[in-house]
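Letter by letter, the chains look like this.
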Amino acid sequence: MEIVILPDAEAIGRLAADQICALLDRKPDAVLGLATGSSPLPTYDELVRRHDAGQVSFAGARAFTLDEYVGLAADHPERYLHVIERELTGRVDLDPSRVAGPDGLAADVPAACAAYEQAIADAGGVDLQILGIGTDGHIGFNEPGSSLASRTRIKTLTRQTRLDNARFFGDDLEAVPTHCLTQGLATIMSARHVVLVATGQGKAQAVHQLAEGAVSAMWPASVLQHHPHVSVLVDEAAASRLQLAGYYRETYLAKPSWQGL
Ligand code: F6R
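Since this is a predicted model, take the numbers as computed values, not measurements.

Brief notes about the site of the ligand
Part 1: In the vicinity of the ligand there are 14 residues, among which Ser39, Asp67, His138, Gly140 and Lys203 approach most closely.
Part 2: In the model, an oxygen atom of the ligand is placed 2.8 Å from a nitrogen or oxygen of the serine 38 main chain.
Part 3: Looking at the shell around the ligand residue by residue, the classes come out as 3 nonpolar, 8 polar and 3 charged.

Some words on helix H2 (residues 41-52)
Part 1: With 12 residues, H2 should cover 16 Å at 1.5 Å per step; its first-to-last C-alpha distance of 16 Å lies within 8% of that length.
Part 2: Burial in H2 covers these residues: Thr43, Tyr44, Glu46, Leu47, Val48, Arg50 and His51.
Part 3: As for H2, its buried residues are in contact with helix H1 (9-26), strand E2 (31-34), helix H3 (80-87) and strand E6 (128-131).
Part 4: Of the residues flanking the end of H2, it is glycine 54, one or two places downstream, whose phi is positive at about 75 degrees.

A word on the sheet that holds strand E5 (residues 99-100)
Part 1: The sheet built from 7 strands is open, its strands ordered E1-E10-E9-E6-E2-E3-E5 with parallel pairing. Two strands bound the open sheet, and with one partner strand each, they are strand E1 (2-6) and E5.
Part 2: The pairing of strand E3 (residues 62-65) with E5 spans 2 bridges and is parallel. Bridge pairing links alanine 63 to valine 99 in E5.

Section: unusual backbone geometry
Part 1: Phi is positive for aspartate 171, close to 60 degrees, though the residue is something other than glycine.
Part 2: For aspartate 171, the position within the fold is in the loop between helix H5 (159-165) and strand E8 (179-182).

Looking at the packing of aromatic side chains
Think of a pair of aromatic rings as described by two things: how far the centres are apart, and how the planes are tilted against each other in angle.
Part 1: Summed over all chains, the structure comprises 6 aromatic pairs.
Part 2: Where tyrosine 69 meets phenylalanine 141, the ring centres are 5.9 Å apart and the plane angle is 35 degrees; that geometry is what we call tilted. Here tyrosine 69 is found in strand E4 (residues 67-69), whereas its partner phenylalanine 141 is found in the loop between E6 and strand E7 (153-156), with 72 residues between them in sequence.
Part 3: Classification of tyrosine 69 by relative accessible area gives buried; the value is 1%.
Part 4: Judged by centre distance (6.3 Å) and plane angle (55 degrees), the ring pair of tyrosine 247 and tyrosine 248 falls under tilted.
Part 5: One aromatic cluster is present, formed by Tyr69, Tyr80, Phe141 and Phe169 through successive ring pairs.

How each quantity is defined
- Residues numbered from 1 in each chain as written.
- Predicted model: local features only at pLDDT ≥ 70, side-chain atom pairs only at ≥ 80, totals over all residues.
- Heavy atoms only, no water.
- Near = heavy atom within 4 Å.
- Polar contact = N/O pair within 3.5 Å; in protein donor to acceptor, adjacent residues only side chain to side chain.
- Nonpolar A, V, L, I, M, F, W, Y, C, P; charged D, E, K, R; others polar.
- Helix = DSSP H or I, 4+ residues; strand = E, 2+ residues; numbered from the N terminus.
- Expected span 1.5 Å × (residues − 1).
- Buried < 20%, exposed > 50% of the residue type's maximum accessible area, 1.4 Å probe, protein only.
- Contact = heavy atoms within 4.5 Å.
- Pairing = 2+ DSSP bridges.
- Phe/Tyr/Trp six-rings, centres within 6.5 Å; stacked < 30°, edge-to-face > 60°.

Below you can see the structure in the form of structure tokens.
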């Protein structure tokens, strides 16, 4: 796991966008894993800027979102498939038919979750997964207590996550769905490269546990310690509880430029 401490969210967005552009350059039909939420927005804005400047094309790519609320009406603006279209996929040359998410309106939830796993496998697996992290250490919506071996399934959101996300629902906690479908921790672990982005003091404890805590279902993101290729891009505030921050800084500064992330 490599931890990169950067000055601000824009610098994080540029470095994350560099990874996606380099991937699409060497593999135009790459499979991208996309997170919603606030953390990846600077990355997505940077990708749109580079797309508009003719520096990157998504035409051959495919994308899978991490998760979806259960029961939100098909036209609800906070459905994650709509969110990702607004934030990224609808702003670049990626055909909507090449973007998929778990079906939060499925009548047969287990079948829909199995179908989503199959769709990712049929696409050849995720090449690069963008992740945010919840204040409680969730990735996707794998809340504390999630099985480290979990695949796509239904989960109950914690009260903390619903409070954190109420800002997207007019600050009305009751409007935030109680359930979601989410890629499991093992699903996320199958991605070939994981790029996790986190900013702000509110993420500091989760980032510390992710990188330096014991691997535990209590801090689901800590499972990433078992992944061979994880890049964690954080700002100073999100890095503020890292015990080895000095070492991470030295390592990144001394890194040969050919090495990349
Ligand atoms: C979103 C997702 C979540 C978010 C996390 C952080 O698809 O899977 O894990 O990444 O809740 O959200 P923000 O970035 O809004 O703080």
